[in-house]
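# Architecture at a glance
Listed below are the residues making up each chain.
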Amino acid sequence: MTPPEPTSARWSRGSTPVFASRHDQRFSYCLHVPENLAPGTPIVVVVHGTERNFLLYRDHLRPFAEEHGVVVLAPLFPAGIIDPGDLHNYKFLDYQGIRYDQVLLSMVDEVAQRYPVDAGQFYLHGFSGGGQFAHRFFYLHPDRLAGVSIGAPGRITRLDDTLPWWLGTADFEKTFGQPIDVEALRRVPVLMVVGDQDVETWEITNPGEPNWMAGAELTGDTRVERLKTLERDFTAHGITVRFELVPGVSHHGSQVLSPVRDFFAELIDARRRGEEPS
């Protein structure tokens, strides 16, 4: 009689439990792992917004993971790390000595230790606060990204060395210990996505709060306008952008995932054929 499969092995496929990061157990992540994995399986990372609904994003991408043979990694960056009232820690990558980009990279490395994935480059999508994280992570680690999707960020960082971090990149090298490699940014396929009804401003225009800097209002009144500003900024630096304005959608991350799936599917299929991204 064949002995039963260990419980831990059964939970290592499909939608997994939430795992504490071995790098820093204040942070955690969940996965969706297809049953059959080939060597070099791609990783798709999806980063939550302020609500921290990371399980929802993982579950919405479960059919995509099965259809396209990818591992979905959804990190959780809890609110209230160090400062109990803080909601925004991860969005700006560096918060009171915590480097959230390194936290994410450590999670990718952990996944690579357990599964036959391609951890060298992965696909990154973030919505709202996750969109803030995604484009700033892109500035710091373009070499680790096979594609990046920036969804409806309420605050943007322009590639402008005359503006202080995080409005711009004047303090980037001092903050992170390396300059921005614009040529490397140009090699990464970029999607920007936002609903055409994403026009509420109560959360993104809030002078006096800890995630506000004077000058943010100059990038636009709404998330649509601010993402358009970021698109123009990228284009001016020679970075090709696919911009998707989703009709009839307000600030709902699950409702803008269709173009994200299409974007990543094209990139993954092209990579498997050995083609360069267009």
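Look up: the structure comes first, before these words.
This report concerns the structure included in the present document. (Residues numbered from 1 in each chain as written. Predicted model: local features only at pLDDT ≥ 70, side-chain atom pairs only at ≥ 80, totals over all residues. Heavy atoms only, no water.)

Further remarks concern the packing of aromatic side chains. Evaluation of the coordinates by the stated rule reveals 18 aromatic pairs. Judged by centre distance (4.9 Å) and plane angle (45°), the rings of Phe172 and Phe176 are tilted. Taken together, the residues span about one helical turn, with Phe172 and Phe176 both in helix 6 (residues 172-176) at a distance of 4 residues. For Phe172, a relative accessible area of 2% puts it in the buried group. Phe176 sits in the buried class, given a relative accessible area of 6%. (Phe/Tyr/Trp six-rings, centres within 6.5 Å; stacked < 30°, edge-to-face > 60°. Helix = DSSP H or I, 4+ residues; strand = E, 2+ residues; numbered from the N terminus. Buried < 20%, exposed > 50% of the residue type's maximum accessible area, 1.4 Å probe, protein only.)

What follows deals with helix 9 (residues 257-272). Here helix 9 spans 22 Å end to end across 16 residues, near enough to the 22 Å set by a 1.5 Å rise per residue. Among all positions in helix 9, only Leu257, Pro259, Val260, Phe263, Phe264, Ala265, Leu267, Ile268 and Ala270 are buried. Once helix 9 finishes, Gly274 follows within two positions and takes phi at roughly 80°, a positive value. (Expected span 1.5 Å × (residues − 1).)

Looking now at the environment of Asp171. Mapped onto the elements of the fold, Asp171 is located in the loop between strand 9 (145-151) and helix 6. Counting along the chain gives 10 residues from Asp171 to Asp161, while the straight-line C-alpha distance between them is 7.7 Å. The contacts of Asp171, once residues within four sequence positions are left out, are Pro164 and Trp165. (Contact = heavy atoms within 4.5 Å.)

Looking now at the side chain of Arg155. One can find Arg155 in the loop between strand 9 and helix 6. There is no salt bridge for the buried Arg155, and the closest opposite charge comes from Glu209, which lies 6.4 Å off by N-O distance. Of note is the side chain of Arg155, whose polar atom sits 3.0 Å from the backbone oxygen of Glu203. Beyond its immediate chain neighbours, meaning those up to four positions away, Arg155 contacts Phe92, Gln132, His135, Arg136, Trp166, Glu203, Ile204, Thr205, Asn206, Asn211 and Arg226. (Lys, Arg positive; Asp, Glu negative; His and termini not counted. Salt bridge = Lys/Arg side-chain N within 4 Å of Asp/Glu carboxyl O. Polar contact = N/O pair within 3.5 Å; in protein donor to acceptor, adjacent residues only side chain to side chain.)

No statement about biological role is implied by the geometric values presented.
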